[in-house]
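Descriptive analysis of the structure
Okay, here's what each chain looks like letter by letter:
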Amino acid sequence: MCAAVEKVYCAGLQCGKETDSQLKCPICLKNGITSVFCNEDCYKNNYKAHKAIHFKEGDETGEETYNPFPKFKFHGDLRPHYPLTPKRYVPEGIEKPDWAQDGLPVDEQKNDRTNEIPVYTKEEIKKIRKACILGREVLDIAAAAVRPGITTDEIDKIVHDETIKRNSYPSPLNYYNFPKSVCTSINETICHGIPDKTVLKEGDIVNLDVSLYYQGFHADLNETYYVVGDDESKISKEAINVVETARECLKTAIKHCKPGTTFQELGDYIEKHATENKCSVVKTYCGHGVGKYFHCAPSVPHYKGNRAAGVMKPGMVFTIEPMINEGTWKDATWPDDWTSTTQDGKLSAQFEHTLMVTEHGVEILSARNKKSPGGPRQRIK
Amino acid sequence: MSSTANSDLQAIFQFVKDAEGKFDHDLCDVKESSLGGVGVFAKRDIPAGTTLLQLHKNSIFSASNSSIANLLNDEQIDGILALNIAFIYETTVFKEKSHWYPYLKSIRIEDPQDNGKLKLPPAYWNETDKGLLHGTTLDTLFDALTPQEEVERGFEIAIDLAEKWNEEFGLEIPKGYLDITDIEDSEAIESRFHKFIAVAYAISARVFEIDAFHESALVPVADLFNHHVVQPDLKFISLFDVCDLCGEPGMCKHMLAEEIEEAKEVERKENANKISKKKEDRPVVQTLDKAVLEKLEADLQKEIQEQINEKEKELSKGKELDPDECIDMTTINDVKAGNEIFNSYGELSNVFLLTRYGFTIPRNPYDVVHFGSKLLELARNNEDIKNRAVWWSETGYDKYINWFKEQFAEEHEHVHGDSCDHDQDEEDGHEYENNNNDNDKDNDEEDMDEQYEEGEDDDEDMEEPEEEKEEDKPWLSELEIDYEGEPNASLLAACNLFSMEPEEFTNFSKEVENDHGNMERLLALDNGTTNSFLEKIIIESQNRLQNTLNSNASDGINDEQKACTKDLVNAELEILRKALLPLQK
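Residues numbered from 1 in each chain as written. Chains lettered and ligands numbered in written order. Predicted model: local features only at pLDDT ≥ 70, side-chain atom pairs only at ≥ 80, totals over all residues. Heavy atoms only, no water.

Taking an unreviewed UniProt entry as the reference, chain B is identified by name as SET domain-containing protein belonging to Maudiozyma exigua.

As annotated in an unreviewed UniProt entry, chain A carries the name Methionine aminopeptidase and is attributed to Maudiozyma exigua. For chain A, the Function (unreviewed entry) comment in UniProt is given as "Cotranslationally removes the N-terminal methionine from nascent proteins. The N-terminal methionine is often cleaved when the second residue in the primary sequence is small and uncharged (Met-Ala-, Cys, Gly, Pro, Ser, Thr, or Val)." Listed under Catalytic activity (unreviewed entry) in UniProt, the entry text for chain A is "Release of N-terminal amino acids, preferentially methionine, from peptides and arylamides." (UniProt positions renumbered as here; feature names shortened; annotations may be inferred.)

In structure tokens:
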């Protein structure tokens, strides 16, 4: 019997093609990692994203962490803790979206029309509902692991493993070359935090944004959790206020969803509640259509006075995911091109559901259940 | 002429500010204009090339930006009809919930000074008031006193959609506009129809052509600038060539996706070729040179540093608007402090201005007097003229026009083939055509219909009726005397032809048919009979217009509209007066 030859894929996130090349990254080899590239060009093109997995110079264990952007003026206390772990493996049998290989969601780009909001058939909705149930299971399992001392990369592993266990693909993985399977956004991070070796500590807040692709449909949901150890008092009243306000903002917006509601008015309800609680609303990132595509029309801004187009009709599926800040609404992006933080370094919290408009209202497809970890806390005066 | 109430201006300015648009209040003052309504005035001397208004295209009111954009898209409704329906929903169903409302509520379809009377275009005036325009070019050439079927069809489509959306998912039907299901009273239905027309009229008076995605839109503040017939101070700039699916300028995700797909296809084909190659041909082991790695790392550090610098700059300065994503209004002349700043809506006659915008201006050089219906009337009553007209229409006219074009080749570009007096101003006008877009450029009669075409594929329904229409007959539609009182080539030819002695006509027509007719003969105006023929039809037209001028208005229209009708008739009388002078010498 001959040994099965395992397929080898180019480690370039923008390439990902099957290859029989022998070109291996020499730095990875020293770290005990095999990263094969098609050719020198592939290596060069993908260098920036790839080098994120390289160990700190001189360290051969990968235990030592480092800040890859020492010259960047960070807006708060949070820092990236590299190296990242290598791209996680998704088994051959799992249905993958087109970006899994090279990072570009061509199908989605091609088919998204600004003013064409998909309305799903009953059959399609069944599948989206199933994807959302799976998404909720994965988020809950990941959330249960949130505790002081765990790294966001460990949470990523949990999300990744639980997702593929459910025959699903973790939608964020390689989406526009996002390197991981979940977004983990700590404290001043608004969204799109990259799981790395950062250790969660007591009193932090962390958002886990889970998206998965199951039988052709995406689910998208997130929640912000308190990192609680033995000492409950480590959670500041500011953290509780911003987290609970964000939770309530989402709830308030959902209450108004029904056929005939305009997408633009949701921002009014969200910002009103945020302002009443002395918080602000992020403008740069919006809710979005989800289902057949990870992101599509409609665009659902969360701030008041926005001029989003569109009105709700039964069968539409979209997310609302307000990002609520303790201080300024303004955001800034790290040089990793993903992590978005508040400009003043103050806290930001977010909650997200995938929703479907029904005949007379709305169904929360990604709803919590009784066993879901997290949940609201009393504000402290 | 903007009829925006002064009290609404603050709401509009606030809207622009909230939308992060820029309107230069230091340079511009919006106040009452001597033309009526408000206008924009220079507070200080403004040099040419100054951008007075810049708005992101997400803050202009287009159907694509509206609350019901997706519904209109699903029904494949676009163009002006889509904009009309969107306007009605925004202002009657969504109201305060719509963030367009602070701007849109300033656009009033009722005359606040006149008991809330609807402002309608002439085709929807009562018969008495239409009498104020009888026999004018508006009536005879543009047929603008007859309601257009397309408009009524637009109303019907809007009603059907409103009912459909209501049944499908309970979207409220716009009250007082499209709620006719349970109404038996024909007056109540007519009042709704008239409101629909009034919306269309108000929109047509303000609409700007934007781009391939937005098509036409209402643009806050831009619509406050009044029209100058010959010397506008401003140009309206909007990049027309954008993706019609998402509105993005340049490389949008749709184009990108297409490009990637193409590249993948090419690669697939190349790979298919490679597979046939033997494996041994490929290099077995490759290594990365240390120098390559070092250079990569150095380049990356440089790139990151540049990115950091860029971001810091952005943070301290704030993001600039991308001009490709904006509409701009920029001065093309120096404007003196205190002067009104004018836009141009196009080279438009008063007929066009009244029909589409609801105003007229004195001494409009694009005004003409048209003789199509006059000559048709003569032909109906005189068998001889009728025969000549038929011959001219079927045989002579085409030959004449061809001859004329050859003869006056340099003037060929003047499509009208007439003596119209294109001066410097037109040249200026063309300069900003590539940026497209002041509202309209050609005052072809068809434009009036075009503005009402709706998005459905309705070619079959749009077929012209069999009946003779002037616009089908170029020889009739081009019979004009221009603003200077000069009859054009078509009119001269017709006058010569119809005033020939019978024998002369027989000979002439034969010669023309054999392609050796003396066409020059048709341009002459020194022939006594031709002269008196022209004089006669001018005087008859004068008498007719004089009657029109003396007729009384009902209270169906407001004073401003009455004044417009007088201006229009007087302008044509003045043209006829100028035309008579050389004839009566």
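This part covers the overall build of chain B. Helix and strand content of chain B: 20 helices and 13 strands. Counting across all 585 residues of chain B, residues that qualify as buried make up 50%. By sequence separation, contacts in chain B at least 24 residues apart represent 75% of the contacts at least 6 residues apart. With an accessible surface of roughly 28,900 Å², chain B has 45% of that area assigned to carbon and sulfur atoms. (Helix = DSSP H or I, 4+ residues; strand = E, 2+ residues; numbered from the N terminus. Buried < 20%, exposed > 50% of the residue type's maximum accessible area, 1.4 Å probe, protein only. Contact = heavy atoms within 4.5 Å. Areas by Shrake-Rupley, 256 points an atom, 1.4 Å probe, with all protein chains shown as cover.)

Residues and elements named next belong to chain B. Across the 10 residues that make up helix α17 (residues 489-498), a large majority, 10, are buried. Restricting attention to buried positions, one finds in α17 the residues Ala 489, Ser 490, Leu 491, Leu 492, Ala 493, Ala 494, Cys 495, Asn 496, Leu 497 and Phe 498. Considering only its buried residues, α17 is in contact with α12 (372-381), α13 (383-407), α16 (474-477), β13 (480-481), α18 (502-513) and α19 (528-550).

All names here are of chain B. The biggest cluster of nonpolar side chains holds 95 residues, and the ones touching the most others in it are Phe 23, Ile 68, Tyr 89, Trp 165, Leu 178 and Ile 341. Ranked by the residues each element gives to this core, the list is headed by helix α3 (residues 79-94), at 11 residues. Apart from residues lying up to four places away in sequence, Trp 165 is in contact with Ile 68, Leu 71, Leu 72, Glu 75, Ile 85, Tyr 89, Gly 170 and Leu 171. (Core = buried A, V, L, I, M, F, W, Y, C linked by side-chain atoms within 4.5 Å.)

Moving on: the packing of helix α8 (residues 237-255) of chain A against helix α9 (residues 263-276) of chain A. Residue and element names in this part refer to chain A. Relative to each other, α8 and α9 sit at 150°, their axes nearing to 9 Å. On the basis of their axis angle, the class for α8 and α9 is roughly antiparallel. Seen from above, α8 lies across α9 with right-handed handedness. Taken together, the residues of α9 that come into contact with α8 (itself represented by Thr 245, Glu 248, Cys 249, Thr 252 and Ala 253) are Leu 266, Tyr 269, Ile 270, His 273 and Ala 274. Here the contact of α8 with α9 is built from residues that sort into 6 nonpolar, 3 polar and 1 charged. (Axes fitted to C-alpha atoms, helices over the stretch in contact; angles between N-to-C directions. Parallel < 35°, antiparallel > 145°, perpendicular 65-115°, else oblique. Left-handed = near helix turned anticlockwise from the far one by under 90°. Nonpolar A, V, L, I, M, F, W, Y, C, P; charged D, E, K, R; others polar.)

Let's shift gears to the pairing of strand β3 (residues 38-42) of chain B. Residues and elements named next belong to chain B. Taking burial as the measure, the 5 residues of β3 include 5 buried ones, the bulk of the element. Side chains Val 38, Val 40 and Ala 42 of β3 all project onto a buried face; the interleaved residues Gly 39 and Phe 41 project onto the opposite face, where all are buried too. Where strand β2 (residues 28-32) lies against β3, 5 bridges are found, and the strand directions are antiparallel. Looking at the pairing, Glu 32 lines up with Val 38 of β3. Between β2 and β3, which pair antiparallel in sequence order, lie 5 residues; one of them, Gly 36, sits at a positive phi of approximately 100°. (Pairing = 2+ DSSP bridges.)

All names here are of chain B. Within the secondary structure layout, Ser 216 lies in strand β9 (residues 215-218). According to the relative accessible area criterion, Ser 216 is buried, its value standing at 6%. Filtering out sequence-adjacent residues up to four positions away, Ser 216 remains in contact with Ser 62, Ile 80, Leu 83, Val 207, Phe 208, Glu 209 and Ile 210.

All names here are of chain A. As assigned here, chain A comprises domain 1 (1-64) and domain 2 (99-364). For domain 1 and domain 2, the distance between their C-alpha centroids amounts to 31 Å. With 7 residues of domain 1 at the contact, the number on the domain 2 side is 8 residues. Both faces considered, domain 1 and domain 2 share a buried interface measuring about 550 Å² in area, 39% of it formed by carbon and sulfur atoms. Summed over the three residues of domain 1 that lose the most area to domain 2, namely Leu 13, Gln 14 and Lys 48, the buried surface amounts to 67% of that side. Connecting domain 1 to domain 2 are 1 salt bridge. Of the residues contributing to the side of domain 1 that touches domain 2, the split by class is 2 nonpolar, 3 polar and 2 charged. (Domains from an automatic or database assignment. Buried area = accessible area lost by both parts, 1.4 Å probe. Salt bridge = Lys/Arg side-chain N within 4 Å of Asp/Glu carboxyl O.)

Moving on, we come to the environment of B:Val292. Mapped onto the elements, B:Val292 comes out in helix α10 (residues 290-317). We classify B:Val292 as buried; its relative accessible area is 19%. Those residues in contact with B:Val292 that sit more than four places away from it in its chain are A:Glu40 and A:Lys44.

All names here are of chain B. Tallied over the entire structure, the rule returns 46 salt bridges over all chains. Between Lys 119 and Glu 560 there is a salt bridge whose closest N-O contact spans 3.6 Å. Remark: Glu 560 occurs in helix α20 (residues 559-583) and Lys 119 occurs in the loop between β7 (117-118) and α5 (127-130); sequence separation between them is 441 residues. When its relative accessible area of 21% is taken as the criterion, Lys 119 is described as partly exposed.

As a further point, take the interface of chain B and chain A. With 56 residues of chain B at the contact, the number on the chain A side is 56 residues. Both sides together, the interface formed by chain B and chain A hides about 4,600 Å², and carbon and sulfur atoms give 56% of it. Taken together, chain B and chain A are joined by 8 salt bridges. B:Glu297 is paired through a salt bridge with A:Lys51; the nearest N and O atoms lie 2.8 Å apart. Counting the contacts that link chain B with chain A gives 25 residue pairs in polar contact (both at pLDDT 80 or more). (Polar contact = N/O pair within 3.5 Å; in protein donor to acceptor, adjacent residues only side chain to side chain.)

Before going further, it helps to spend a moment on the UniProt feature "domain: C6H2-type" (unreviewed entry) in chain A. Sites flagged by UniProt as "domain: C6H2-type" (unreviewed entry) map to residues 7-61 of chain A. The span residues 7-61 of chain A shows a helical share of 27% and a strand share of 7%, and its end C-alpha atoms are spaced 27 Å apart.

Turning our attention to α20(B). Helix length check: α20(B), at 25 residues, gives a terminal C-alpha distance of 37 Å against a target of 36 Å (1.5 Å per residue), a fit within 8%. One side-chain oxygen of the residue at the start of α20(B) lies 3.1 Å from the amide nitrogen of B:Glu560, identifying that residue as B:Asn558. (Expected span 1.5 Å × (residues − 1).)

A separate point is the UniProt feature "coiled-coil region" (unreviewed entry) in chain B. According to UniProt, the feature "coiled-coil region" (unreviewed entry) maps to residues 290-321 of chain B in the numbering used here. End-to-end, the C-alpha atoms of residues 290-321 of chain B are 44 Å apart, and along that stretch the chain is 88% helix and 0% strand.

Our focus in this paragraph is the sheet that holds strand β10 (residues 234-238) of chain B. Residue and element names in this part refer to chain B. Strand order across the open sheet formed by 4 strands is β1-β4-β11-β10, with antiparallel pairing between neighbours. Two strands close off the open sheet at either side, each with one partner strand: β1 (22-23) and β10. In terms of strand pairing, β1 meets strand β4 (residues 51-56) through 2 bridges, oriented antiparallel. Note on β4: the bridge partner recorded for Lys 22 is Gln 54.

A word on the UniProt feature "binding site: Zn(2+) 4" (unreviewed entry) in chain A. Residues and elements named next belong to chain A. UniProt's entry tags Asp 220, His 288, Glu 321 and Glu 352 with the feature "binding site: Zn(2+) 4" (unreviewed entry), counted in the numbering of this structure. Annotated residues spanning 133 residues; largest pairwise C-alpha distance 10.7 Å, indicating a single compact cluster. Considering the arrangement of structural elements, one finds His 288 in strand β9 (residues 287-289). Of the residues examined, His 288 reaches a relative accessible area of 7% and is grouped as buried. Excluding residues that lie within four positions of it along the chain, His 288 makes contacts with Asp 220, Phe 294, His 295, Cys 296, Pro 298, Val 300, Phe 318, Thr 319, Glu 321 and Glu 352. By secondary structure assignment, the location of Glu 352 is in the loop between β15 (348-350) and β16 (353-357). Look past the residues within four positions of Glu 352 in its chain and what remains in contact with it is Asp 209, Asp 220, Leu 221, Asn 222, Leu 250, His 288, Thr 319, Ile 320, Glu 321 and Ser 366.

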